[in-house]
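# Architecture at a glance
This is what each chain is made of:
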Amino acid sequence: QVQLVESGGGLVQAGGSLRLSCAASGRTFSDYGMGWFRQAPGKEREFVAAINWSGGLTNYADSVKGRFTISRDNARNTVYLQMNSLKPEDTAVYYCQQPFGPTMSVQEGRGYWGQGTQVTVSS
């Protein structure tokens, strides 16, 4: 079955950087778009970034544009989220997502999820 394992979260000061990784297994990674979502305490899960199967197309939430970069390495079955200029409002559990189907949009939010990794940004 599909398994997604995130890593790379932690505690960082405002203005700092982190890189999250998500290792996927269970089916052909390069057939699917991938995405990152986040959920802050007391809030709903929200879309952060998405990348298509080849890495040639990306999409970002307005709140992270210009600060976060999503990328993927199909040889390593891994998707990354480089987070720069972090702000306290970026504090959340970050989840990796792979859509159920190869033609489904990540932003639909229907897919397989990892267990999440905590990112905490102190002011």
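First, a word on what this report is: a plain description of the structure on this page.

## With respect to the overall build of the protein
When you go through the protein residue by residue, the secondary structure sums to 0 helices and 11 strands. In the protein, the succession of α and β elements from N to C terminus is β-β-β-β-β-β-β-β-β-β-β. When the backbone C-alpha atoms are referred to their principal axes, the protein occupies close to 40 × 25 × 25 Å. Within the span of the protein, comprising 123 residues, buried residues form 46% of the whole. Summarising the internal contacts of the protein: among those between residues at least 6 apart in sequence, 57% fall at separations of at least 24. Where the 11 positive side-chain charges of the protein centre and where its 9 negative ones centre are 3 Å apart.

## What to know about the layout of surface pockets
Rolled over the atoms, a probe with the dimensions of a water molecule shows which regions are left empty. Taken as a whole, the largest pocket holds about 180 Å³ of empty space. Taken together, 16 residues line the largest pocket, and the ones lying closest to its centre are Gly33, Ile51, Asn52, Met104 and Val106. Residue assignment for the lining of the largest pocket shows that the elements contributing at least two residues are β5 (46-51) and β6 (58-60). Per-class residue counts for the lining of the largest pocket are 9 nonpolar, 6 polar and 1 charged.

## Some details on the sheet that holds strand β3 (residues 18-25)
Strand order across the open sheet formed by 4 strands is β1-β3-β8-β7, with antiparallel pairing between neighbours. At either end of the open sheet lies a strand with only one pairing partner, and these are β1 (3-7) and β7 (68-73). Neighbour-to-neighbour, the strand axes of this sheet turn through a mean angle of 15°, independent of strand direction.

## Examining the pattern of salt bridges
Pairing of side chains with opposite charge becomes possible as their charged atoms draw close. Using the criterion set out here, one finds 6 salt bridges in the structure. The partner of Arg76 in a salt bridge is Asp73, and the shortest N-O contact between them spans 3.3 Å. Looking at Arg76, the relative accessible area reads 61%, which means it is exposed. Look at Asp73 and you get partly exposed, because its relative accessible area is 22%. Each member of the salt-bridge network shares a partner with another, and the members are Arg38, Glu46, Arg67 and Asp90.

## Quick word on the packing of aromatic side chains
What the rule picks out here adds up to 4 aromatic pairs. Residues Phe37 and Phe47 carry aromatic rings whose centres are separated by 5.7 Å and whose planes lie at 75° to one another, so their mutual orientation is edge-to-face. Of this pair, Phe37 sits in strand β4 (residues 34-39) while Phe47 is found in strand β5, placing the two residues 10 residues apart along the sequence. Note on accessibility: Phe37 and Phe47 belong to one class, buried. Each member of the aromatic cluster is reached from another via a ring pair, and the members are Phe37, Phe47, Tyr95 and Trp113. The side chain of Arg45 reaches across the aromatic face of Trp113, ending 4.3 Å from its centre. One Lys or Arg, Arg72, reaches over the ring of Phe29 and ends 4.3 Å from the middle of that ring.

## Considering unusual backbone geometry
A positive phi is found at Asn77, a non-glycine position, where the angle reads about 55°. Tracing the backbone through its elements, the reader meets Asn77 in the loop between β7 and β8 (78-83). The class of Asn77 is partly exposed, set by a relative accessible area of 28%. A positive phi is found at Ser85, a non-glycine position, where the angle reads about 50°. Checked against the element boundaries, Ser85 lands in the loop between β8 and β9 (92-99).

Conventions used here
Residues numbered from 1 in each chain as written. Predicted model: local features only at pLDDT ≥ 70, side-chain atom pairs only at ≥ 80, totals over all residues. Heavy atoms only, no water. Helix = DSSP H or I, 4+ residues; strand = E, 2+ residues; numbered from the N terminus. Buried < 20%, exposed > 50% of the residue type's maximum accessible area, 1.4 Å probe, protein only. Contact = heavy atoms within 4.5 Å. Lys, Arg positive; Asp, Glu negative; His and termini not counted. Charge placed at Lys NZ, Arg CZ, Asp CG, Glu CD. 1 Å grid on protein atoms, 1.4 Å probe; cavity = no way out; pocket = protein on both sides within 12 Å on 5 of 7 lines; lining within 4 Å. Points joined across faces, edges and corners; volume = space filled by probe spheres on them. Nonpolar A, V, L, I, M, F, W, Y, C, P; charged D, E, K, R; others polar. Pairing = 2+ DSSP bridges. Axes fitted to C-alpha atoms, helices over the stretch in contact; angles between N-to-C directions. Salt bridge = Lys/Arg side-chain N within 4 Å of Asp/Glu carboxyl O. Phe/Tyr/Trp six-rings, centres within 6.5 Å; stacked < 30°, edge-to-face > 60°. Lys NZ or Arg CZ within 6 Å of the ring centre and 35° of its normal.

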